[in-house]
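Topology and contacts: notes
What follows is the residue order along each chain.
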Amino acid sequence: MAETDALLALRNSIGAKHAITFLNDSNQPTSSLAEANALVLPQTDGGPAITLPKSTPTRLRKPGHTETDPLTHPMDFYTLDAVFLAWSLRGAATAEYMKTVRESGIILTNMVAITEKQSVVEWLEGRIDSHPNIVSHGAPSAVTSSPQKKRYVPDTNDVDAVKRIKQKEVELRDRNTVLRGSKQSNFSSVRNLISERMKKLREIQAANAAASSASAPVAARPESRSPSKKSRPVHPIIMISSSPTALITMWNVRQFLQESEFVDPVTAKTRAAEENTTREDVVVIYRKRTHIEPGGRETETLVKYFVVDDIEALSKFGADAWDRVICVLTTGQAWQFRAYKWSEPRELFHRVKGFYVSWANDAPNPKVKDWNVTELKIDPNKRHLDKSTVAQFWKTLDSWIGTTKPNLLT
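Note that the coordinates shown come from a computational prediction; the quantities given were computed from them, not determined experimentally.

What counts and what doesn't
- Residues numbered from 1 in each chain as written.
- Predicted model: local features only at pLDDT ≥ 70, side-chain atom pairs only at ≥ 80, totals over all residues.
- Heavy atoms only, no water.
- Helix = DSSP H or I, 4+ residues; strand = E, 2+ residues; numbered from the N terminus.
- Contact = heavy atoms within 4.5 Å.
- Areas by Shrake-Rupley, 256 points an atom, 1.4 Å probe, with all protein chains shown as cover.
- Pairing = 2+ DSSP bridges.
- Axes fitted to C-alpha atoms, helices over the stretch in contact; angles between N-to-C directions.
- pLDDT = per-residue confidence, 0-100.
- Phe/Tyr/Trp six-rings, centres within 6.5 Å; stacked < 30°, edge-to-face > 60°.
- Buried < 20%, exposed > 50% of the residue type's maximum accessible area, 1.4 Å probe, protein only.
- Lys NZ or Arg CZ within 6 Å of the ring centre and 35° of its normal.
- Salt bridge = Lys/Arg side-chain N within 4 Å of Asp/Glu carboxyl O.
- Patch = residues over 30% accessible without salt bridge, like charges linked within 9 Å, V, L, I, M, F, W, Y side chains within 5 Å.

What follows covers the overall build of the chain. Across its full length, the chain holds 13 helices and twelve strands. Within the chain, contacts between residues separated by at least 24 positions form 57% of all contacts whose residues are at least 6 apart in sequence. Of the accessible surface of the chain, which amounts to about 26,100 Å², a share of 52% is contributed by carbon and sulfur atoms.

So, in structure tokens, the structure goes:
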């Protein structure tokens, strides 16, 4: 007998729009999921309800895992009760959702992540047909969602009619296709001409520099007799909020700004605890910047940034630490700035670049309207938008640094 697909059974039960009930260890009905041992799932076909243990692993895989069999690797997949709670609390706020999860006896590492809860609910309610984290069912399921569809065989006359239509089709052209032209253009002659002019310009500048250094008094150049003292590298600093409700924290800031991928802060913190990773006072991130030289050659440099979330960590960088702070990420709470060098938000964001971080579907915050900050919107579900969000962050920050603190634009 084939194994019952717990995830599909739950989806069919939700589609049947009958109440899902619980059974305790004595096989008696109970209203508490924490006291329950099994879930009773009615089915759409009118057949007998399916009773499954609440700890049954489903085919919904946790983010960051690659296993494909929930039976051999149950810890990599969400259990039935966790998926049921995600659906039953689909309209609840984040705090209420996490509180109910804990009261139901589910640890935070086993709850459906907040960032993917909405898409899981949409699949369970039949609004979408697939989900990227649902693995395929290897064996035939005891529960089926729909009868087997017959393969469509097109009519021969229809095939011939489509061929005749395609032969008469006229390809539409827009301004982009027109500008591309019909043949490849070669601009090597222009590049060679510019390269020759740039070479002559550099030779003239070098000759002028040599002439001016030769005419300078010897006393004015004492550095030429002894090696110059090397200055220590100055790396920019980013300040983030230490608020527990902040979307960007010390647990997920590296993956967001360096890897262009947003991970829920609770999930990132829990994952770090599982890996015995301690919290860092200073997070170091690296970013690749592309620079085009006057000759047209592209060079790529690796820029180092420091990230801190409190004044104690900032004080480790010395007395000039605030001169190196390039931006502050805020949650819109003014208490964040009490210990800062400039505690008044308008003055602070006149001296450093400010970013207000929030969910894309949050209502506008009237508190930050006069703070001179740029809003950084993070979509709670669409992770493919993270790259464009982070790219816009760096573009805005580079523009501000180039105008206000060009010495830190290394």
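With that settled, consider the sheet that holds strand S11 (residues 353-359). Within the open sheet, the six strands sit side by side as S8-S9-S7-S10-S11-S12. Their pairing is mixed. In this open sheet, the two edge strands, each paired with only one partner strand, are strand S8 (283-292) and strand S12 (373-378). In this sheet, neighbouring strand axes are inclined to one another by 30 degrees on average, regardless of whether the strands run parallel or antiparallel. Bridge count between strand S7 (residues 237-239) and strand S9 (residues 298-308): three bridges; the pairing is parallel. Bridging across to S9, isoleucine 238 finds its partner in valine 307.

Before going further, it helps to examine the confidence of the model for the chain. As a general rule, the predicted coordinates of low-pLDDT regions are not to be interpreted in detail. Overall, the predicted model of the chain reaches an average pLDDT of 83, with 89% of residues at or above 70. Between residues 139-146, whose pLDDT stays under 50, and residues either more than four places distant or in other chains, the model counts 18 contacts. A low-confidence stretch, residues 222-228 stays under pLDDT 50, and its non-local contacts, those more than four residues away or across chains, total one contact.

Another point: the packing of aromatic side chains. Enumeration according to the criterion identifies 14 aromatic pairs in this entry. Taking the centre distance of 5.6 Å and the plane angle of 85 degrees together, the rings of phenylalanine 262 and tryptophan 359 count as edge-to-face. With phenylalanine 262 in the loop between helix H8 (253-257) and helix H9 (265-274) and tryptophan 359 in strand S11, this pair connects stretches of sequence that are 97 residues apart. Both residues of the pair, phenylalanine 262 and tryptophan 359, count as buried. Through pairs of rings, three or more aromatic residues link up here, namely Trp322, Phe337, Tyr340, Trp342, Phe349 and Trp371. Just above the ring of tryptophan 123 sits the side chain of arginine 11; from NZ or CZ to the centre is 4.3 Å. Just above the ring of tyrosine 97 sits the side chain of lysine 117; from NZ or CZ to the centre is 4.2 Å.

Here we take up unusual backbone geometry. At serine 260, a position not held by glycine, the phi torsion is positive, near 60 degrees. Mapped onto the secondary structure, serine 260 falls in the loop between H8 and H9. You will see that asparagine 276, though not glycine, has its phi angle at about 55 degrees, which is positive. With respect to the helices and strands, asparagine 276 occurs in the loop between H9 and S8. On the basis of relative accessibility, which here comes to 69%, the residue asparagine 276 falls in the exposed class.

Adjacent strands of a sheet pair through backbone hydrogen bonds, lying either parallel or antiparallel. If you trace the four strands from one edge of the open sheet to the other, you get S2-S1-S3-S4, paired in antiparallel fashion. Both edges of this open sheet fall to strand S2 (29-30) and strand S4 (50-53), since each of them pairs with a single strand only. The pairing of strand S1 (residues 21-23) with strand S3 (residues 38-41) spans three bridges and is classified as antiparallel. When the bridges of S3 are listed, leucine 23 appears paired with alanine 38.

A word on the pattern of salt bridges. Within the structure shown, the criterion is met by 13 salt bridges. Between arginine 383 and aspartate 386 there is a salt bridge, and its shortest N-O distance comes to 2.7 Å. Through salt bridges with shared partners, a single ionic network connects Arg279, Asp281, Asp309 and Lys316.

Okay, a nonpolar patch on the surface next. The grouping of Phe187, Val190 and Ile194 at the surface amounts to a nonpolar patch, some 300 Å² of accessible area in total. Structurally, the position occupied by phenylalanine 187 is in the loop between helix H6 (175-180) and helix H7 (188-215). On the basis of relative accessibility, which here comes to 58%, the residue phenylalanine 187 falls in the exposed class.

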